[in-house]
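Observations on the model geometry
Okay, here's what each chain looks like letter by letter:
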Amino acid sequence: MRRGRVIPALVLALLAFLVTAPEARAQTVGGFDFDRAEVAATGLQVPWAIAFLPDGSALVSERGTGRIMQVRPGQPATAVATISGVSASGESGLLGIAVSPSYAQDGWVYAYFTSTAGDNRLVRLRLTAPQTQPVLLSGVPSATIHDGGRLAFGPDGMLYVSTGDANTTSNAQNLDSLAGKILRLTPDGGVPAGNPFPGSPVYSYGHRNVQGLAWDAQGRMYAAEFGQNTWDEINQIVAGGNYGWPTCEGVCSGTSFRNPIVTWTTAEASPSGLAYANGTLFAAALRGQRVWAVPLTPTGTAGTPVPELQGAYGRLRAAAVGPDGWLWLSTSNRDGRGTPVAADDRIIRVPPSGVGQPETCAVTATTQTQWGNGYVIQPVTVTNTGTAAINGWSVTFTLPPGHVITGSWNAVLTVSGQTVTARNAAHNGSLAPGQSTTFGFQASRTTGGSQFPSGYRCA
């Protein structure tokens, strides 16, 4: 009699797991809820890159039109600048954009594009006078394919530029060519003293076509790279590293080349934009029509990648974590290789897990002390406002430009751009209804000023 009751109980338990497991998984993939992605803007023309202004709005480059669009969720995108002399053919045109880490002080926006002069080049401009566009770097080989184009400021304050091999494979191994490389520049376009090849902007080489750059919380650099016919890659980038193209694609047998941490078939990926948050890399896939969430180990190697949004929005190009804590993506369905719908191209936003769900916790932050170039925020109080016990919590907030976290206690903090995520420590994650706990942190202001973090949210 008892044995007869055990089997139905096991079946019910398995059924409950199968019903609830997808929802639980969606809430934990890299800290974002992909089941609740939403469209933030429509009607764009092949959006290529996303960068953020201090007010939280996004700047989006359009590859074919040469326009820089400003996007605020739920509002029509507006053109705020047009890059002069853009030549758009095939994969070329206006590609990467980046916003200065010191934008509040200098107002610079950077753009990388294929020019009518026959090269790829880097300019910068101010939105207050967008027609003035001084050239910082020119002469990068260009072609209708393999132009690279990603721009990103690293944790060191330097500007990194990815370039493709410009359809000439030998460029990638030629240190005298700027093609097939990742370049490292000062914000003014100069060569930093610490570059691996003295007097050269080249930071790494042996690349076919890098279109994604990101850094993890430890400051390690990663790049997403298109393979030829077999393997696409994510590589961990080190100064002076040789990544093997065109000698090999994917994992190399020679010890002189650095191997990728992840490979996919080209049908699964064709990775372009790359973003980092919550111990995870997010690679936007064009041909693969998905986002690959790649968990990172403490040493910077990769766990098992998880595909998200498969086929939901078509080809995906850009990936960036906004100051709002959401993962922003762009579609690339009007690039001649996709199947556009009427709303294309679109900007997609994926919320952090818990955002938009019924509130179960609240957070308040107090400034304990401050001095000329720093401050202490303590206590940051987290309260369980729900009716059931919780077994873990996270708080996200936004750092002003130029601010750096220098210490924390009673929580584990990770930083992605200007977005900080604080997660409970082992001893304070469980809270009964109405119960509170606290944590604190210290930060420095490298650019001075009197601002403090803002936008505290609890989940």
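Rules used in this analysis
- Residues numbered from 1 in each chain as written.
- Predicted model: local features only at pLDDT ≥ 70, side-chain atom pairs only at ≥ 80, totals over all residues.
- Heavy atoms only, no water.
- Helix = DSSP H or I, 4+ residues; strand = E, 2+ residues; numbered from the N terminus.
- Rg over C-alpha atoms; globule rule 2.2 N^0.38 Å.
- Buried < 20%, exposed > 50% of the residue type's maximum accessible area, 1.4 Å probe, protein only.
- Contact = heavy atoms within 4.5 Å.
- Areas by Shrake-Rupley, 256 points an atom, 1.4 Å probe, with all protein chains shown as cover.
- Lys, Arg positive; Asp, Glu negative; His and termini not counted.
- Charge placed at Lys NZ, Arg CZ, Asp CG, Glu CD.
- pLDDT = per-residue confidence, 0-100.
- Pairing = 2+ DSSP bridges.
- Axes fitted to C-alpha atoms, helices over the stretch in contact; angles between N-to-C directions.
- Disulfide = S-S within 2.5 Å.
- Salt bridge = Lys/Arg side-chain N within 4 Å of Asp/Glu carboxyl O.
- Phe/Tyr/Trp six-rings, centres within 6.5 Å; stacked < 30°, edge-to-face > 60°.

1. Comments concerning the overall build of the protein chain
Helix and strand counts for the protein chain come out as 2 helices and 32 strands. Relative to the globule expectation of 23 Å for 459 residues, the C-alpha radius of gyration of the protein chain, 23 Å, shows essentially globular dimensions. For the C-alpha atoms alone, the extent of the protein chain along its principal axes is close to 80 × 60 × 50 Å. Per-residue burial for the protein chain yields a buried fraction of 53% across its 459 residues. Counting only contacts in the protein chain whose residues sit at least 6 apart along the sequence, the fraction spanning at least 24 positions is 56%. Approximately 18,600 Å² of the protein chain is accessible, and the part contributed by carbon and sulfur atoms is 53%. Charge-centre separation for the protein chain: the mean point of 28 positive side chains lies 5 Å from the mean point of 26 negative side chains.

2. Concerning unusual backbone geometry
Peptide bonds are trans in most cases, and residues, glycine excluded, mostly fall at negative phi. The omega angle of the peptide bond from Asp344 to Asp345 is -5 degrees, so this bond is cis rather than trans. Relative to the elements of secondary structure, Asp345 occurs in the loop between strand S23 (327-331) and strand S24 (347-350). Residue Pro379 follows Gln378 across a cis peptide bond; omega there is -5 degrees. The phi torsion at Gln289 lies on the positive side, around 50 degrees, for a residue other than glycine. By secondary structure assignment, the location of Gln289 is in the loop between strand S19 (280-285) and strand S20 (290-295). Relative accessible area serves as the criterion here: at 31%, Gln289 is assigned to the partly exposed category. Although it is not a glycine, Leu309 sits at a positive phi angle of roughly 55 degrees. Examined against the element boundaries, Leu309 turns out to sit in the loop between strand S21 (306-308) and strand S22 (316-321).

3. Structural notes on the confidence of the model for the protein chain
When pLDDT is averaged across the protein chain, the result is 90; 92% of the residues are at 70 or more. Low pLDDT, under 50, characterises residues 1-28; the predicted model gives this stretch 13 contacts beyond four residues in sequence or across chains.

4. Some points on the sheet that holds strand S10 (residues 151-153)
Pairing within the open sheet is antiparallel, and its 4 strands lie in the order S10-S11-S12-S13. One side of each edge strand has no neighbouring strand; the edge strands of this open sheet are S10 and strand S13 (202-205). On average, each strand axis in the sheet is inclined to that of its neighbour by 20 degrees, with strand direction left out of account. The sheet contact formed by strand S12 (residues 181-185) and S13 spans 3 bridges and is antiparallel.

5. Concerning the sheet that holds strand S30 (residues 419-424)
One open sheet holds the 4 strands; their spatial order is S29-S30-S27-S32, and the pairing between them is antiparallel. Either end of the sheet is taken by a strand with one partner, and the two such strands are strand S29 (411-416) and strand S32 (454-458). Neighbour-to-neighbour, the strand axes of the sheet open up by a mean angle of 20 degrees, direction not taken into account. When S29 meets S30, the two strands line up antiparallel, connected through 6 bridges. Bridge pairing links Thr414 to Thr421 in S30.

6. Some thoughts on the state of the cysteines
All told, the structure shown has 2 disulfides when counted by the stated rule. A disulfide bridge connects Cys248 with Cys252, and the sulfur atoms are separated by 1.7 Å. The S-S bond linking Cys248 to Cys252 shows a torsion near 60 degrees; that makes this disulfide right-handed. Pair check on accessibility: Cys248 and Cys252 agree, each one buried. In this model Cys361 forms its disulfide with Cys458; the gap between the sulfur atoms is 2.0 Å. Where Cys361 bonds to Cys458 through sulfur, the torsion about that S-S bond is close to -120 degrees, and the disulfide is left-handed. In this pair, Cys361 sits in strand S25 (residues 361-371) while Cys458 sits in strand S32, placing the two residues 97 residues apart along the sequence.

7. Re the pattern of salt bridges
Taken as a whole and assessed by the stated rule, the structure comprises 13 salt bridges. One salt bridge in this structure joins Asp33 and Arg36, with 3.3 Å as the shortest N-O distance. Asp33 sits in the buried class, given a relative accessible area of 1%. Put simply, Arg220 and Asp216 hold a salt bridge, and the shortest N to O gap is 2.7 Å. Here Arg220 falls in the buried class, since its relative accessible area comes to 18%. Here Asp216 falls in the buried class, since its relative accessible area comes to 4%. Within the structure, one salt-bridge network assembled from shared partners comprises Glu38, Asp324 and Arg349.

8. Brief notes about the pairing of strand S26 (residues 374-384)
Of all 11 residues in S26, 8 are buried; the element is thus mostly enclosed. Note: S25 against S26, 9 bridges, orientation antiparallel. Note that in S26 the partner of Gln370 across the bridge is Tyr375. The turn linking S25 back onto S26 is made up of 2 residues. Strand direction decides the pairing type here: S26 and strand S31 (residues 436-445), joined by 8 bridges, are antiparallel. Within S31, the residue paired with Ile377 across the bridge is Phe441.

9. Some points on the packing of aromatic side chains
On inspection of all chains with the given rule, the structure shows 12 aromatic pairs. Where Phe34 meets Phe282, the ring centres are 6.2 Å apart and the plane angle is 40 degrees; that geometry is what we call tilted. Of this pair, Phe34 sits in the loop between helix H1 (2-26) and strand S1 (38-41) while Phe282 sits in strand S19, and the two are 248 residues apart along the sequence. Here the two residues Phe34 and Phe282 agree in accessibility, since each one is buried. Among the aromatic residues, those joined into a ring-pair cluster are Phe32, Phe34 and Phe282.

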